[in-house]
Amino acid sequence: MTEEILTENIKKLVLARLMIMPSNLRLSIGSKDYTKEELQNHIEKGDEVGKEFAEMQIEFLRDLASGSIYQYE
Amino acid sequence: MSKIILITRPNHDLTTNYLYFWSEPVIATAKKHRFTILDLAKNKANRKTFFSYLKSKKPAFIFLNGHGSKKEISGYDNEVLINTNSSLPYSPSIIYARSCDSGQILGKLLIQKGVNAFIGYNRKFVFLYDPIYNAKPQKDPIAKIFLEPTNLIPTTIIKGHSSYSAHKRSQENMHKNFSQLLLSSSSSEEKYCASLLWSNIKCQIHLGNPDTKI
């Protein structure tokens, strides 16, 4: 995923996931921390931070759909 | 091997400040178990002091907190402490790097160079936090969801268990938190942590001999 360009559909999905992030929280990822608005900018730009965040969200949704989060050992 | 633990815990930005404070329970556990603790806190987490302690004290267990990448782990002000070109003066039993990405290349190389076991992350280690707790990160209930399970790695090792059991115990504790976050009784803040905690569960890795103890 990080090597790929974020498609518009993926961006929409990840931005929708981001919208439910409580605005008071910040995310520490890599060497920086980000507000919800800053993450939104990174996702829209499709830069490294945006792609990392998207990868995490897509993996979670995929594992939720497959049921693998319930089979974790 | 020596009953010595070396901890690096810089505090030059918000992320490292959280790791700095969240390392304190580990230090307390090490003290309780009568370890000698080489605490490279704040600006002591620099390359010169780090290598000086490695040469003179040869700690069995190295616990690194700081920013990382595939090829390096840094200390105070992001000074590189260890990278793929580093030669260690001896072979530590266990290294745990609470930093991003270092499991991908650096961890594997350290195993090739003689470290018995390496625990780290093969992509970004992430955590959410509430800025109102910046002055007292240990009180932050959101950061606790992410950081408390990672403390189980060093504390389990300090208590004499193997490196792999420490890694698994941490993952299981993350998964327990994860399951609780999905419950309807969780707050919206807690629920939002789930997807990111899931990422940490999946990217935490153990390399080397799983039976390594100190």
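A brief report on the enclosed structure follows. No experiment lies behind these values; they were computed from the predicted model shown. (Residues numbered from 1 in each chain as written. Chains lettered and ligands numbered in written order. Predicted model: local features only at pLDDT ≥ 70, side-chain atom pairs only at ≥ 80, totals over all residues. Heavy atoms only, no water.)

1. Details of the side chain of asparagine 46 of chain B
Rules: By definition, any uninterrupted DSSP run of H or I lasting at least four residues is a helix, any uninterrupted run of E lasting at least two residues is a strand, and each is numbered from the N terminus. Contact between two residues is taken to exist if any of their heavy atoms lie within 4.5 Å; hydrogens are not considered.
Position of asparagine 46 of chain B relative to the elements: it lies in the loop between strand 2 (36–41) and helix 3 (47–57). Excluding its chain neighbours within four sequence positions, the residues that come into contact with asparagine 46 of chain B are Glu79 and Leu81 of chain B.

2. Topic: the nonpolar core
For clarity, the cut-off: We call a set of buried Ala, Val, Leu, Ile, Met, Phe, Trp, Tyr and Cys residues a nonpolar core when their side-chain atoms join them within 4.5 Å. Categorising residues by exposure relies on relative accessible area from a 1.4 Å probe, with only protein chains included: less than 20% of the type maximum marks a residue as buried, more than 50% marks it as exposed, and the intermediate range marks it as partly exposed.
If you look at the biggest cluster of nonpolar residues, it comprises 61 residues, and the most contacted ones within it are Phe53 of chain A together with Phe127, Leu128, Phe146, Leu147 and Leu196 of chain B. Setting aside its immediate chain neighbours within four residues, leucine 147 of chain B contacts Tyr18, Leu19, Trp22, Arg98, Phe125 and Phe127 of chain B. One finds Leu38, Leu64, Leu106 and Leu110 of chain B within the second-largest nonpolar core, a separate group that totals 23 residues.

3. Re the sheet that holds strand 3 (residues 61–65) of chain B
Two pairing modes exist for strands in a sheet, parallel and antiparallel, and in both the strands are linked by backbone hydrogen bonds. Residue and element names in this part refer to chain B. Here is the rule we go by: By the convention used here, strands pair only if DSSP detects at least 2 bridges between them. Convention adopted: a line fitted to C-alpha atoms gives each axis, helices being fitted over their contacting stretch, and angles between N-to-C directions are expressed from 0 to 180 degrees.
Overall, mixed pairing links the six strands, which are arranged 2-1-3-6-7-9 in an open sheet. The sheet is open, and its two borders are formed by strand 2 and strand 9 (204–208), each paired with just one other strand. Along the sheet, successive strands turn relative to each other by an average axial angle of 10°, direction set aside. Where helix 6 (residues 163–181) meets the sheet, it contacts strand 6 (94–98), strand 7 (117–121) and strand 9, and its direction lies at approximately 170° from that of strand 9.

4. Considerations on the pattern of salt bridges
Keep this limit in mind: What makes a salt bridge here is a side-chain nitrogen of Lys or Arg within 4 Å of a carboxyl oxygen of Asp or Glu, nothing more.
Counted by the stated rule, this structure contains 11 salt bridges over all chains. A salt bridge links aspartate 33 of chain A to arginine 26 of chain A; its shortest N-O distance comes to 3.6 Å. Residue classification places arginine 26 of chain A among the partly exposed positions, given a relative accessible area of 28%. In this structure, the salt-bridge partner of glutamate 55 of chain A is arginine 123 of chain B, at a minimum N-O distance of 3.6 Å.

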